[in-house]
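Each chain is listed here by its residues.
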Amino acid sequence: MRIPRSLLLTVVAGAAIVLVAPLAQAASAALTATFTQSSVWNSGYGGAFTIVNRGDAAANGWVVEFDLPAGSSVSSSWDSVRSGSGQHYRFANASWNGSVAAGASTSFGFNVAGLGTPVNCLLNGAPCAGGPAPSASPSASPAASPTPPPSTPAPSTPPPSGTIVDVSTAAQLSSAMAAARPGQTIRLAPGTYDGSFIGTAVATGAAPITVTGPRTAVVTNPAPAGSGPSCPVPTPGWDPGYGIWIANAAYWRLTGFTVANAKKGVVVDNSPHVTIDGLYVHHIGDEGVHFRRSSSDGVIRNSVVEYTGTAQPAYGEGVYIGSANSNWDCHGNVGGMDRSDRVEVLDNRIGPYVSAEHIDVKEGTSNGLIRGNTFDGTGISGQNSADSWVDVKGTGYLIQGNRGTFVPPGTFANGYETHNPVAGWGCGNVWRDNVSDLGGVGRYAINVTSTSKCAGNLNVVYASNTVSRATTGLTNIAVTP
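Read on for a plain summary of the structure. (Residues numbered from 1 in each chain as written. Predicted model: local features only at pLDDT ≥ 70, side-chain atom pairs only at ≥ 80, totals over all residues. Heavy atoms only, no water.)

1. Some points on the overall build of the protein chain
Across its full length, the protein chain holds 3 helices and 42 strands. The buried share among the 481 residues of the protein chain stands at 50%. Long-range pairs, those at least 24 residues apart, make up 68% of the contacts in the protein chain between residues at least 6 apart in sequence. If you sum the accessible surface of the protein chain, you get close to 20,100 Å²; carbon and sulfur atoms cover 56% of it. (Helix = DSSP H or I, 4+ residues; strand = E, 2+ residues; numbered from the N terminus. Buried < 20%, exposed > 50% of the residue type's maximum accessible area, 1.4 Å probe, protein only. Contact = heavy atoms within 4.5 Å. Areas by Shrake-Rupley, 256 points an atom, 1.4 Å probe, with all protein chains shown as cover.)

Right under this line is the structure:
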């Protein structure tokens, strides 16, 4: 069959076009991994790797590998699947953070026993700083310096606006919180937000400010920087290492997302009516959540707080209400005291590996509610007299319908305790319907330190409380029917 000349010319011309046309560049991912230390103590440190996709296509799955010098070892890790042998460690993505969109990031963290830092870092078989895979086994020299992260927006960048502000980067979140106004919702996309995030706007009950996101939106602050005042207040150029800091504000709502790998988790200062709902707070250097400096009428509910005190076990409270009287010079802003009154702690899971009290109620605070929580005392440290789920030094609290357990390791004396560091405080508290399993270690479910210091305003333990596996019994005071 003969091909018509006109068709032949068309085919040849088309072929010529194909031969000379430039080849299209396929979209691809380009991952880098950057190591940071969140905190350092005498015998170890907390570390993290942030994985950034600088390519133009999503990455599906990642594996970071590195070596630690002899004498150092990974003692715990999170947000990854850990394996390895000897001094070589391998961290694969968890089920929820393996996909990294173009321009996005994710992270995982770990604690190290010893002070040696990672060397010979590989990400998916290539250097963590980017570039092709090595042709031979990696040498003993450290990986090349990582590419610097993208710079934050210039000061001239207009602040976010609108009723709903969607954010997907740390810079966007920081800017949105700084510019927040009543009635606004800041909505986090899945990913890792590494930096300093401070909210200072005063909202109202009718128009609160909401910061919300899924659990896969992870707020971290692994690297405090600069120097600030002796009494913490937001200060330009100073990053105190808090995950989320609400300061001198009111009516903020924090819902759904994760706060991890920070010096302190969520700190609420001089900010009434702040609600924390459904947060996951874990692997925090000191306390998980702190209502401080007369932050009254706050609520934390439906949240999980675990693995606190990773840097300083003595200060690893799960939920901290108020301030010790020794800190009232800084935080005693109402009548010389920290009056973080009427705080409610509802339906949370606190523990395991909360290294201090699961809830520490300080003197100077009153009339709070602790109800429906689950306490897992595994890993409580015993440092700084932290040897109970709840220590009540405030007055007029109702502790009701909570369930507590203890299983070693840990140091455990009693389920609930009262103390009276300031005259008139640690009194008038009520326990109802609590279920306590002391694991064959704890003495009393509820130990009241003193009755003489609470004359006229006694603590009350009702018979509806139950205890199992106590070395002594339900309580050391008379039970009220």
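2. Things to note about the state of the cysteines
Summed over all chains, the structure comprises 3 disulfides. Sulfur-sulfur distance for the disulfide between C231 and C330 comes to 2.0 Å. Between C231 and C330, the S-S torsion sits near -75°, and that sign places the bridge as left-handed. With C231 in the loop between β17 (217-221) and β18 (242-247) and C330 in helix α3 (residues 328-331), this pair connects stretches of sequence that are 99 residues apart. On the basis of relative accessible area, C330 is assigned to the partly exposed category, the value being 29%. The disulfide bridge from C427 ends at C454, spanning 2.0 Å between sulfur atoms. (Disulfide = S-S within 2.5 Å.)

3. A few points about the sheet that holds strand β24 (residues 289-292)
A sheet is described by the order of its strands in space; here 10 strands give the open sequence β15-β18-β21-β24-β27-β30-β33-β36-β39-β42, paired in parallel fashion. Each edge of the sheet is formed by a strand with only one pairing partner; in this case those strands are β15 (198-199) and β42 (473-475). Here strand β21 (residues 264-269) pairs with β24 via 4 bridges, running parallel. In the sheet register, D269 faces β24, and the bridge partner there is R292. (Pairing = 2+ DSSP bridges.)

4. A look at the nonpolar core
Membership of the largest hydrophobic core comes to 62 residues, with the highest contact counts inside it found for L173, I244, W252 and I359. Excluding anything up to four places from it in sequence, W252 contacts M177, A180, G199, T200, A201, I209, V211, I246, H273, V274 and T275. (Core = buried A, V, L, I, M, F, W, Y, C linked by side-chain atoms within 4.5 Å.)

5. Focus: the pattern of salt bridges
Under the criterion given, the structure shown has 13 salt bridges. With a closest N to O distance of 2.7 Å, R292 and D269 form a salt bridge. Taken together, the residues span a long stretch of sequence, with R292 in strand β24 and D269 in strand β21 at a distance of 23 residues. Both residues of the pair, R292 and D269, count as buried. Put simply, D391 and K393 hold a salt bridge, and the shortest N to O gap is 3.3 Å. Take D391 and K393: they sit in the same class, and that class is buried. Look at the salt bridges and you will find they share partners, linking K263, K264, D286 and E287 into a network. (Salt bridge = Lys/Arg side-chain N within 4 Å of Asp/Glu carboxyl O.)

6. Considerations on the sheet that holds strand β35 (residues 403-405)
Strand order in the open sheet formed by 10 strands is β14-β17-β20-β23-β26-β29-β32-β35-β38-β41, and the pairing between neighbours is parallel. At either end of the open sheet lies a strand with only one pairing partner, and these are β14 (191-194) and β41 (466-468). The pairing of β14 with β17 spans 4 bridges and is classified as parallel. Residue pairing for β17: Y193 is matched across the bridge by V219.

7. Points about the packing of aromatic side chains
Taken as a whole, this structure holds 21 aromatic pairs when the rule is applied. Ring centres of F91 and F108 lie 4.9 Å apart, and the angle between their planes is 25°; on these two criteria the pair is classed as stacked. In this pair, F91 is assigned in strand β7 (residues 88-93) and F108 in strand β9 (residues 105-113), connecting sequence segments 17 residues apart. F108 carries the same exposure label as F91, and that label is buried. (Phe/Tyr/Trp six-rings, centres within 6.5 Å; stacked < 30°, edge-to-face > 60°.)

8. Considering unusual backbone geometry
With an omega dihedral of 10°, the bond running from G351 to P352 counts as a cis peptide bond. Along the chain, P352 turns up in the loop between β29 (349-350) and β30 (359-361). Of the consecutive residues P408 and P409, the connecting peptide bond is found in the cis state with omega at 10°. With respect to the secondary-structure elements, P409 resides in the loop between β35 and β36 (416-418).

9. What to know about helix α2 (residues 170-178)
Along α2, the positions that sit buried rather than exposed are L173, A176 and M177. Seen from one end, α2 has its buried residues packed into an arc of 95°, which puts them on one side. (Arc of directions from axis to C-beta.)

10. Examining the environment of R215
Its location among the elements puts R215 in the loop between β16 (209-212) and β17. Assessed through its relative accessible area of 41%, R215 is described here as partly exposed. The sequence separation of R215 and Y280 amounts to 65 residues, and the corresponding C-alpha distance is 7.0 Å.

11. Structural notes on the environment of T169
Along the chain, the position of T169 falls in the loop between β12 (164-167) and α2. For T169, a relative accessible area of 29% puts it in the partly exposed group. Sequence spacing of T169 and A189 is 20 residues, and the spatial spacing of their C-alpha atoms is 8.4 Å.

12. With respect to the pairing of β17
The buried count for β17 comes to 5 of 5 residues, which makes it a mostly enclosed element. Burial along β17 is two-sided: A217, V219 and N221 and V218 and T220, pointing in opposite directions, are all buried. Here 3 bridges tie β17 to strand β20 (residues 258-262), and the two strands are oriented parallel to one another. Directly across from N221, in β20, lies its bridge partner A262.

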